Amino acid sequence: DAQPPAKTASYRQAPPQRLAPCSIVRVGGTFMVLVVFGLIGLSYIPMVYLYSDGSTSGRATLLGLHVLLALAVVAYLQTVFTDPGTVPLEWHQKISKLRHAP
């Protein structure tokens, strides 16, 4: 009494979306983006006011602040705009094999 072979699900990668989840539209409407930039502004304004006395140490501190601030903003924007991707096709195939293993 032979049984027909079990059907394995065929998976394919999802097509790219027209409006990606991390697009500029989503960034503009995201509350957390406003919170992050608000916190950056709250720390930036007092530092500039405090160290803008014209001294050499004040200028060095402001230079370091601006470098770190620029790096932080670039890193945050890269995080926001990076597409998280999809599950690889090989993963679906491995899971399918595990489910149908004897």
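Residues numbered from 1 in each chain as written. Predicted model: local features only at pLDDT ≥ 70, side-chain atom pairs only at ≥ 80, totals over all residues. Heavy atoms only, no water.

### Side note on the overall build of the protein
In terms of helices and strands, the protein carries four helices and zero strands. Listing every helix and strand of the protein by position from the N terminus yields α-α-α-α. Taking all 102 residues of the protein together, 9% fall into the buried category. Across the protein, the fraction of contacts at a sequence separation of at least 24, relative to all contacts at a separation of at least 6, is 67%. As displayed, the protein has an accessible area near 8,800 Å², and 66% of this comes from carbon and sulfur atoms. (Helix = DSSP H or I, 4+ residues; strand = E, 2+ residues; numbered from the N terminus. Buried < 20%, exposed > 50% of the residue type's maximum accessible area, 1.4 Å probe, protein only. Contact = heavy atoms within 4.5 Å. Areas by Shrake-Rupley, 256 points an atom, 1.4 Å probe, with all protein chains shown as cover.)

### A word on the packing of aromatic side chains
Counted by the stated rule, this structure contains one aromatic pair. Arranged with centres 6.0 Å apart and planes meeting at 90°, the rings of Phe37 and Tyr76 form a pair that is edge-to-face. Residue Phe37 is located in helix 2 (residues 31-51), and its partner Tyr76 is located in helix 3 (residues 56-81); the two are separated by 39 residues in the primary sequence. For Phe37, a relative accessible area of 35% puts it in the partly exposed group. (Phe/Tyr/Trp six-rings, centres within 6.5 Å; stacked < 30°, edge-to-face > 60°.)

### Focus: a nonpolar patch on the surface
A cluster of nonpolar side chains, contributed by Leu63, Val67, Leu68 and Leu71, occupies part of the molecular surface with about 420 Å² of accessible area. Residue placement: Val67 occurs in helix 3. (Patch = residues over 30% accessible without salt bridge, like charges linked within 9 Å, V, L, I, M, F, W, Y side chains within 5 Å. Salt bridge = Lys/Arg side-chain N within 4 Å of Asp/Glu carboxyl O.)

### Things to note about the environment of Tyr44
Structurally, Tyr44 can be placed in helix 2. Judged by its relative accessible area of 28%, Tyr44 falls in the partly exposed class. A C-alpha to C-alpha distance of 9.8 Å links Tyr44 and Leu62, two positions 18 residues apart in sequence.

### Comments concerning the packing of helix 2 against helix 3
Where helix 2 contacts helix 3, the two axes come as close as 10 Å, and the packing angle between them is 175°. By the angle class used here, helix 2 and helix 3 are roughly antiparallel. Contacts from Met32, Val33, Val36, Phe37, Ile40, Tyr44, Met47, Val48 and Tyr51 of helix 2 reach helix 3 at Gly58, Thr61, Leu62, Leu65, His66, Leu69, Val73, Tyr76 and Leu77. Across the contact of helix 2 with helix 3, the residue classes break down as 15 nonpolar, three polar and no charged. (Axes fitted to C-alpha atoms, helices over the stretch in contact; angles between N-to-C directions. Parallel < 35°, antiparallel > 145°, perpendicular 65-115°, else oblique. Nonpolar A, V, L, I, M, F, W, Y, C, P; charged D, E, K, R; others polar.)

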